[in-house]
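Residues per chain, in single letters:
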Amino acid sequence: MRLHIIGICGSFMGSLALLARQLGWEVGGCDANTYPPMSTQLAEAGIEVRGGYDPAHLDSRPELVLVGNAISRGNPVLERVLDEGIDYQSGPQWLARHVLRGKWVLGVAGTHGKTSTSAMLAWILEYAGLKPGFLIGGVTNNFPVSARLGDSAFFVVEADEYDSAFSDKRSKFIHYAPRTTILNNLEFDHADIFDDLAAIQRQFHHLLRILPGNGRIVLPADEPALEAVLTQGCWTPAQRIGIELSSGQCERLAGERGVCWNIRPLARDGGEFELAKHRAGHGETEIATVAWDQTGTHNLRNAAAAIAAAEHAGVPPATAAEALGSFRGVKRRLELRGAVGGISVYDDFAHHPTAIATTLRGLAAKLAGGGRIIAVIEPRSNTMKAGVHQHTLAAAVTAADQAIWFQPRDGGLDCAALASAAETPSLAFDSVEAIIDCLAETARPGDHILIMSNGAFGGIHEKLLQRMRMNRTA
């Protein structure tokens, strides 16, 4: 079977390419933007990626075309598909039909933390010997690929609420029908698809409607937007997770016959914590201790959710906690790209005010005052560029010592206004080169430069490191 994927270098579509190749399909695709780590994965798998959207890419007459959700009407390749009646599907539809059918699906949904939590959950199941399949929206440091078929009934999938394709505006996760479901959090995002938070909550409730009664939902205890979704109707047992809860709070959250999970941090930076399982009427029935190299309160929550979900698949919490001790994180999640002259450069995928704030707080806790943090931010998502977060982004960089904003060339976001409104000393530039010039002149030993974008950001990481190396040898 010959398969062509339009938009193949997206984290989701690229992962589908890997799964299709493992199924024995002949796979190729095209994309306008190619950059690591996905482009590297595809090349290593021997999957041909053609640049741009030339209709001639379909001259080989594939039997099936997968259309990424970033592809719209007017795309030349898509128009040829429609004009010539070539069979096509959305990525989520293909995944459900060819991979997930008959599997115990563990889905991770929410505005933030899906990739990290999916990676943690997949690694826990792997460590426990369950040999899961998985599709993760990023490349983890525990697995060589972002997706694999696995060798068991279990499949972990990052369950995105973004739409499925130009022809299917339902959220991707509607196709997956998970048995075990993590709902990490819920905020307004994807302003190009959803009008408001209520529209996203509607999609999440559509997901609840298809979850089995013998499944499990895992969610935080302090997310009103998710609680509002559950009040619309929920037919699946839900287990809530909190931080430093009292026994009375745990009992209330557990309900009459349920379970609550309580996180107790043992280190300021999140490097060690206890997770206690509280059963209604029985108090704490099990405690697991995690010691790892991840940081930040958000990662404690992600880890607790992964442990609770893995338990549903049969993994004892103590085993899951032990597994997380060897969890090595996900590329582009506070990933150290290099250091020159005592100046460290990090890469992070954060592209929402909450994600930016939590990432910066996590790094600040890890450093504990050991050097300045300079946040360099590209507002690249459609929601960010549209200016939806104009009035909340300035507060997101409070944990940084300096912020540098890259002004989008289109949309309604005004980065100069952001810079002037922020309490943190801030600057705005409209070119990558100008940012590099500024950093090369002002950064000093001991600084930590955290670059945040959900795209390639013009290769700024390596360009900056190269400039700093040149400065040292000049």
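Small disclaimer: the values here were computed from a predicted structure and weren't measured. (Residues numbered from 1 in each chain as written. Predicted model: local features only at pLDDT ≥ 70, side-chain atom pairs only at ≥ 80, totals over all residues. Heavy atoms only, no water.)

A. Up close: the sheet that holds strand β7 (residues 133-135). If you walk across this open sheet you meet the ten strands as β8-β7-β9-β6-β12-β13-β14-β15-β16-β17, and the pairing is mixed. With one partner strand each, in any of the chains shown, β8 (147-148) and β17 (283-291) form the two edges of the open sheet. Sheet topology places strand β14 (residues 238-243) next to strand β15 (residues 259-265); four bridges connect them, and they run parallel. In the sheet register, Gly242 faces β15, and the bridge partner there is Asn262. The strands touched by helix α5 (residues 114-127) within the sheet are β6 (104-109), β7, β8, β9 (154-158) and β12 (180-183), with β9 carrying the most contacts at an inclination of about 165°. (Pairing = 2+ DSSP bridges. Helix = DSSP H or I, 4+ residues; strand = E, 2+ residues; numbered from the N terminus. Contact = heavy atoms within 4.5 Å. Axes fitted to C-alpha atoms, helices over the stretch in contact; angles between N-to-C directions.)

B. Structural context of the sheet that holds strand β5 (residues 88-90). Read across the open sheet, the five strands follow the order β3-β2-β1-β4-β5; overall the sheet is parallel. Of all strands in the sheet, those bounded by a partner on one side alone are β3 (48-51) and β5. Across the sheet, the mean angle separating the axes of adjacent strands is 25° when strand polarity is ignored. Lying over the sheet, helix α3 (residues 76-84) contacts β1 (2-6), β2 (26-31), β4 (64-67) and β5, oriented at roughly 135° with respect to β1. Against the sheet, helix α4 (residues 91-100) makes contact with β4 and β5, and its axis sits at roughly 90° relative to β5, the strand it touches most.

C. The layout of surface pockets, seen in detail. The calculated volume of the second largest pocket comes to roughly 320 Å³. What lines the second largest pocket is a set of 18 residues, and nearest its centre among them are Pro36, Pro37, Arg332, Arg337 and Asp347. Mapped by element, the contributors of at least two residues to the lining of the second largest pocket are α2 (38-44), β18 (335-340) and α16 (460-473). Looking at which element gives the most residues to the lining of the second largest pocket, the answer is α2, with three residues. Per-class residue counts for the lining of the second largest pocket are six nonpolar, five polar and seven charged. (1 Å grid on protein atoms, 1.4 Å probe; cavity = no way out; pocket = protein on both sides within 12 Å on 5 of 7 lines; lining within 4 Å. Points joined across faces, edges and corners; volume = space filled by probe spheres on them. Nonpolar A, V, L, I, M, F, W, Y, C, P; charged D, E, K, R; others polar.)

D. Inspection of the packing of helix α9 (residues 297-312) against helix α10 (residues 317-324) at higher detail. Here α9 crosses α10 at 135°, and the two axes come no closer than 9 Å. As the angle between them shows, α9 and α10 are arranged oblique. When you trace α9 past α10, the crossing you get is right-handed. Along its contact with α9, which presents Ala303, Ile307 and Glu311, the element α10 presents Pro317, Ala320, Ala321 and Leu324. (Parallel < 35°, antiparallel > 145°, perpendicular 65-115°, else oblique. Left-handed = near helix turned anticlockwise from the far one by under 90°.)

E. Expanded view of the packing of aromatic side chains. Taken as a whole, this structure holds ten aromatic pairs when the rule is applied. Relative to Trp94, the ring of Trp25 lies with its centre 5.5 Å away and its plane at 90°, an arrangement referred to as edge-to-face. You can see Trp25 sitting in the loop between α1 (11-22) and β2 and its partner Trp94 sitting in helix α4, a full 69 residues away along the chain. In this structure Trp25 comes out as buried when scored by relative accessible area, which is 12%. Judged by centre distance (5.5 Å) and plane angle (55°), the rings of Phe406 and Phe457 are tilted. Within this pair, whereas Phe406 is found in strand β21 (residues 402-406), its partner Phe457 is found in the loop between β23 (448-452) and α16, the two being separated by 51 residues in sequence. Judged by its relative accessible area of 2%, Phe457 is buried. Put simply, the rings of Trp123, Tyr127, Phe134 and Phe143 pair up and form one aromatic cluster. Taking NZ or CZ as reference, Arg179 lies 5.8 Å from the ring centre of Trp104, over its face. (Phe/Tyr/Trp six-rings, centres within 6.5 Å; stacked < 30°, edge-to-face > 60°. Buried < 20%, exposed > 50% of the residue type's maximum accessible area, 1.4 Å probe, protein only. Lys NZ or Arg CZ within 6 Å of the ring centre and 35° of its normal.)

F. Structural detail: the pairing of strand β20 (residues 373-377). The element β20 is largely enclosed, with a buried count of five among its five residues. Pairing between β20 and β23: five bridges, direction parallel. Looking at β23, one finds that Ile377 is bridged to Met452. In this structure, β20 lies alongside β21, joined through four bridges in parallel fashion. Looking at the pairing, Ala375 lines up with Ala403 of β21.

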